[in-house]
Amino acid sequence: MKKVLINITVAIVAILLPLVFRAPYHQHILITILIWAALGTAWNLLGGYAGQVSFGHAAFFGLGAYTAGILALHYNISPWWGLLLGPLVSTLISIPVGLICFRLRGPYFALAMLALGEIFRLVFINWVTFTNGAKGIMIIPKITMKLPYYYMALGLFFLSLTITGLLIKSRFGYYFISIREDQDAAESLGIPTTRYKLFAFLPSAFITGLTGAFYMNYIAFIDPNVVFSLANVSVMIILVVMLGGVATLWGPAVGAAIYILLSEVFRTRMGAASVLAFGILVCLVIMFLPNGIVGELDGLRKMALRKMNGGEKSGLLRG
Amino acid sequence: MAFFEVRRIVKNFGGLCAVHEISFSLEKGQVIGLIGPNGSGKTTIFNLINNFFPLTAGEIYFKGKRIDSLPTHKICALGIARTFQVVKPLKRMSVLDNVMAGAFLHTGSTSQARARALEILEFCNLINKRDLDAKKLTIADRKRLEIARALSTDPELLLLDETAAGLNPKETEEAIEVIKKISRSGIAIIIVEHKMKVIMGTSEKIVAINFGREITQGEPREVINHPEVIKAYLGDHYA
Amino acid sequence: MHLLGQTLISGFLLGGMYALIAIGMTLIMGVMKIVNLAHGALVMVGMYVTYICFVLWHINPYAGMFISMLLLFVLGSLIQRYMINRLVEVDSILPENQVLLTVGISLVLTEVIRFIFKSDYLSVSTGFSGKTVFLGKMSVSVPMTIGFVIAMVFTYLLHLFLNRTDLGMTIRATAQDRDAAVYMGVNVSRVTMITFGLGSAFAAAGGSLLLPMFYLWPDIGHLFTAKAFIITILGGMGSTAGALLGGLTLGIAESLGATYISMGYKDVVGLVVFLLVLLFMPGGIKSLVKR
């Protein structure tokens with residue numbers, strides 16, 4: 001009951017927020033937070049719960065964005081159709097990618113995904129006739145107000161959260177975490193590990209592609225070095241999750257909010273040194289909050305509960 | 001045809017022959033022991049049965065079906081579950097969640113999986129620890145958890161890999177009781193074990209191996225008094 | 001025909017120097033079992049140190065290299081001791097977060113350098129940087145040849161160190177089986193610290209030797225991380241000989257690619273090869289030979 005009340009409060013606050021912050025700049029920051037929250041939540045399903053750390057999610061973000069962009073560039077179709085087609089393209093591509101890369105474990109999977117992400121970036125730079133190369137694609141947006149974008153981004157985040165939430169409460173969640181904790185043990189318990197990794201990968205790629213398509217429509221300009229970026233998309237998604245809380249439902253959203261707000265402060269206050277400050281932040285987070293803010297808070301809360309009750313609640317579904 | 005049969009299985013690792021032409025079989029509900037000195041290939045045989053490693057040669061049959069080329073998870077789904085000598089708890093999951101992960105094999109419903117898992121925890125004397133994270137368990141409890149998790153997949157054949165290693169005498173007695181209880185419920189068991197007390201207390205038949213080859217198999221009393229078996233364990237002087 | 005010859009020779013020479021950088025990485029990966037994405041940044045810092053020595057104090061880059069190696073040894077040891085080593089103690093859900101830590105370290109190093117030197121392209125010109133000698137009709141660059149020879153000497157010295165000295169053998173033992181090494185009384189935390197320092201020093205050496213061939217700017221580190229990775233995976237992790245073989249292969253492949261394939265897709269080819277090796281030859285090129 002208490003949980004339902006909290007959820008309703010959060011929803012109302014989220015809906016009213018842009019009516020309080022009316023300046024376009026503030027609304028832009030809110031939209032950016034929601035985009036990263038959606039991306040982080042989607043990555044978390046594969047990376048945090050199923051333990052398959054992808055350093056190449058930019059590939060799916062970029063594919064979604066470029067699907068929308070190319071519809072407008074070559075076929076004169078509204079890029080809004082990209083919201084339908086973009087995630088489909090990302091999901092379709094994720095199937096062979098997953099089947100190939102899931103042969104590898106741990107850091108080797110991470111490296112293979114990193115290489116794949118970079119391959120997509122280079123191909124989209126060099127395939128000039130189809131993608132317009134490094135010049136990128138620009139569209140003229142029909143909607144210029146921020147408010148509609150805000151609610152779309154909110155919907156996107158809600159979708160990401162709902163899919164993740166539903167999956168992890170079911171058999172899928174138990175299987176994902178089993179695979180992360182010990183793949184051999186999982187396999188010997190009758191869990192088809194490759195198939196379930198794919199079950200985590202598909203929705204993750206779907207949401208990431210959808211967010212990419214939304215990004216194209218919102219920002220109205222993309223180029224391969226931005227949407228397929230290793231540092232600014234792939235690594236950033238992981239950071240958002242690690243900052244907020246690996247394998248927690250709300251962690252990525254918390255991470256996105258803190259990260260976007262901090263980087264705005266860094267950018268406006270420090271100028272050139274902002275990336276340096278950011279790098280230092282990355283190191284500190286990993287060294288001192290290895291499971292993210294929500295993850296560590298959870299641990300602390302659990303410890304307190306145990307002291308009070310002398311027992312501990314079942315702890316699979318955190319946050 | 002036997003309920004479960006291993007027929008002339010061979011495993012080579014590079015030039016090293018780990019298992020050579022081992023054959024044995026068991027009937028439904030039967031308990032057999034697999035004994036041999038350290039490094040004689042017992043755990044490798046388990047890894048071959050559930051296909052962690054592919055066979056170099058030979059065949060494995062279960063309920064009349066050849067299973068040696070099936071993937072590990074399918075072998076489990078058919079009804080062969082195992083425990084690990086070096087325990088593999090799902091560390092950041094609670095004891096209950098560990099067992100539920102196995103129970104989901106036969107149901108998609110969370111509440112059914114939970115109910116089944118609670119039954120099994122009761123059976124294995126782990127019910128009081130159900131909410132602890134698996135990484136916090138003592139070694140004895142981890143061994144129990146291995147068995148509980150294997151049972152949660154509703155096996156017809158259970159492979160127990162040194163479940164009594166590292167246990168004190170009292171815990172060993174309890175382990176023997178649990179194994180007997182499992183056997184009474186109709187599940188066939190293959191036990192790999194160093195503690196002869198466990199083997200003698202439970203097995204109807206023993207297969208003795210050394211250097212990956214069979215020394216002898218048969219009645220427990222005969223096997224442990226077999227001169228080759230004594231030699232393998234204690235050296236030439238005692239044979 | 002002599003275009004091909006010249007391409008092969010310069011690729012070979014370049015590959016020798018790449019190998020030195022990759023040996024640093026393979027040493028670290030072998031002993032610590034970690035993926036170090038900050039390796040290129042260490043190369044970059046090493047190059048800047050050699051550059052400063054040259055510009056401020058007119059120290060010849062081949063002498064400056066030793067100062068750079070010393071400094072990077074200290075820097076690497078400190079990074080290992082106070083940052084990466086910390087992750088051994090914390091209980092994290094994803095062990096891969098060490099990869100991300102090295103990304104963070106790489107960011108910090110790159111940005112510190114950018115803060116001091118700005119993003120300008122720098123280059124070193126000594127009396128002989130443009131010099132070439134002729135081998136028949138083929139011209140061979142002098143700094144490349146010197147660099148190659150020094151790289152080979154270093155590789156040989158490392159080989160002797162790992163095989164003939166107590167410390168070297170301790171490092172190899174730790175790489176082979178960390179737990180067993182602990183039981184044998186090896187001070188593993190000291191060994192890993194020294195290994196990381198050594199790896200960083202080799203990165204600095206490789207970078208310094210390549211200084212005459214590359215423009216220097218803060219982001220050049222990524223380039224070397226990628227190269228060192230491809231070489232390490234090609235060569236099979238933790239093997240000095242493998243890294244040498246991988247380095248030469250990459251050098252030759254790169255210079256063939258630059259001559260015969262369009263610039264744009266050159267990197268794609270490299271990455272695809274990397275993926276294929278990762279997927280199908282877990283032991284690197286050597287696994288082909290052994291079979």
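- Going by the annotation in an unreviewed UniProt entry, the name recorded for chain C is Branched-chain amino acid ABC transporter permease, with Desulfotomaculum copahuensis given as the source organism.
- Of chain C, the UniProt comment under Subcellular location (unreviewed entry) reads exactly: "Cell membrane".
- Taken from UniProt, the Sequence similarities (unreviewed entry) comment for chain C reads in full: "Belongs to the binding-protein-dependent transport system permease family. LivHM subfamily."

- As named in an unreviewed UniProt entry, chain A is ABC transporter permease, taken from Desulfotomaculum copahuensis.
- In its Subcellular location (unreviewed entry) section, the UniProt record describing chain A reads: "Cell membrane".

1. Considering the pattern of salt bridges
Residues and elements named next belong to chain B.
Here's step 1: Tallied over the full model, the rule gives 26 salt bridges over all chains.
Here's step 2: As a salt-bridge pair, E156 and K28 come within 3.2 Å of each other at their nearest N and O atoms. In this pair, E156 is assigned in the loop between α5 (139–151) and β7 (157–161) and K28 in the loop between β2 (16–26) and β3 (31–35), connecting sequence segments 128 residues apart.
Here's step 3: Residue K28 is classed as exposed on the basis of its relative accessible area of 54%.
Here's step 4: With a closest N to O distance of 3.3 Å, K170 and E174 form a salt bridge. Highlighted residues: K170 and E174, both in helix α6 (residues 169–184), separated by four residues, approximately one helical turn.
Here's step 5: Linked by salt bridges that have partners in common, K129, D141, R144, K170 and E174 make up one network.

2. Regarding the pairing of β2(B)
Residue and element names in this part refer to chain B.
Here's step 1: As paired elements, strand β1 (residues 4–13) and β2 share seven bridges and run antiparallel to each other. Pairing of F4 across the sheet is with L26, part of β2.
Here's step 2: Hairpin geometry of β1 and β2 is characterised by an intervening segment of two residues between the two adjacent antiparallel strands and by a positive phi of about 60° at G14.

3. Thoughts on the packing of helix α12 (residues 230–244) of chain A against helix α5 (residues 97–117) of chain C
Here's step 1: Between α12(A) and α5(C), the shortest axis-to-axis distance is 11 Å and the interhelical angle comes to 115°. As summarised for this structure, α12(A) and α5(C) are arranged roughly perpendicular, according to the angle between their axes. Handedness of the crossing formed by α12(A) with α5(C): left-handed. Of the residues in α5(C), those touching α12(A) at A:V235, A:I238, A:L239 and A:M242 are C:N97, C:L100 and C:V103.
Here's step 2: The residue makeup of the contact of α12(A) with α5(C), split by class, is six nonpolar, one polar and no charged.

4. Things to note about the interface of chain A and chain C
Here's step 1: In this complex, chain A contributes 44 residues to the contact, which on the side of chain C involves 37 residues.
Here's step 2: Around 3500 Å² of area is buried between chain A and chain C when both sides are counted, 83% of it from carbon and sulfur atoms.
Here's step 3: Where chain A meets chain C, there are zero salt bridges.
Here's step 4: Connecting chain A to chain C are three residue pairs in polar contact (both at pLDDT 80 or more).

5. With respect to the sheet that holds β1(B)
Residues and elements named next belong to chain B.
Here's step 1: Read across the open sheet, the four strands follow the order β2-β1-β4-β5; overall the sheet is antiparallel. Each having just a single partner strand, β2 and β5 (65–66) make up the two edges of the open sheet.
Here's step 2: Two elements, strand β4 (residues 57–62) and β5, share two bridges in a ladder whose sense is antiparallel. In the strand pairing of β5, F62 is matched with K65.
Here's step 3: Packed on one face of the sheet, helix α1 (residues 42–49) meets β1, β2 and β4 and runs near 110° to β1.

6. Overview of the environment of C:M152
All names here are of chain C.
Here's step 1: Along the chain, M152 turns up in helix α6 (residues 142–164).
Here's step 2: A C-alpha to C-alpha distance of 19 Å links M152 and I67, two positions 85 residues apart in sequence.
Here's step 3: Discounting residues that sit within four places of it in the chain, M152 has contacts with G16 and L244.

7. Description of the packing of helix α2 (residues 39–57) of chain C against helix α9 (residues 188–210) of chain C
All names here are of chain C.
Here's step 1: Remark: α2 packs on α9, axes separated minimally by 7 Å, with the N-to-C direction vectors making an angle of 55°. The angle between α2 and α9 falls in the class oblique. Where α2 crosses over α9, the handedness of that crossing is right-handed. Facing H39, L42, V43, G46, M47 and T50 of α2, the residues of α9 in contact are F196, G199, S200, A203, A204, G207, S208 and L210.
Here's step 2: Looking at side-chain class alone, the contact of α2 with α9 contains seven nonpolar, seven polar and no charged residues.

8. As for unusual backbone geometry
Here's step 1: Phi at B:E21 is positive, roughly 50°, even though this residue is not glycine.
Here's step 2: Within the secondary structure layout, B:E21 lies in strand β2.
Here's step 3: Residue B:E21 is classed as partly exposed on the basis of its relative accessible area of 36%.
Here's step 4: Within the chain, C:H58 stands out as a residue other than glycine whose phi angle is a positive 55°.
Here's step 5: With respect to the helices and strands, C:H58 occurs in the loop between α2 and α3 (61–84).

9. Description of the nonpolar core
The nonpolar side chains of a soluble globular protein tend to be buried, and buried together.
Here's step 1: Core analysis: the largest hydrophobic core is formed by 243 residues, its most contacted members being A:F55, B:L158 and C:F229.
Here's step 2: Leaving out residues up to four positions away in the same chain, A:F55 has contacts with A:A110, A:M113, A:L114, A:L230, A:S234, A:V235, A:I238, C:V99, C:L100 and C:V103.
Here's step 3: The next biggest cluster of nonpolar side chains, apart from the first, holds 28 residues, and it includes B:I32, B:I67, B:L159 and B:V192.

Rules of the game
- Residues numbered from 1 in each chain as written.
- Chains lettered and ligands numbered in written order.
- Predicted model: local features only at pLDDT ≥ 70, side-chain atom pairs only at ≥ 80, totals over all residues.
- Heavy atoms only, no water.
- UniProt positions renumbered as here; feature names shortened; annotations may be inferred.
- Salt bridge = Lys/Arg side-chain N within 4 Å of Asp/Glu carboxyl O.
- Helix = DSSP H or I, 4+ residues; strand = E, 2+ residues; numbered from the N terminus.
- Buried < 20%, exposed > 50% of the residue type's maximum accessible area, 1.4 Å probe, protein only.
- Pairing = 2+ DSSP bridges.
- Axes fitted to C-alpha atoms, helices over the stretch in contact; angles between N-to-C directions.
- Parallel < 35°, antiparallel > 145°, perpendicular 65-115°, else oblique.
- Left-handed = near helix turned anticlockwise from the far one by under 90°.
- Contact = heavy atoms within 4.5 Å.
- Nonpolar A, V, L, I, M, F, W, Y, C, P; charged D, E, K, R; others polar.
- Buried area = accessible area lost by both parts, 1.4 Å probe.
- Polar contact = N/O pair within 3.5 Å; in protein donor to acceptor, adjacent residues only side chain to side chain.
- Core = buried A, V, L, I, M, F, W, Y, C linked by side-chain atoms within 4.5 Å.

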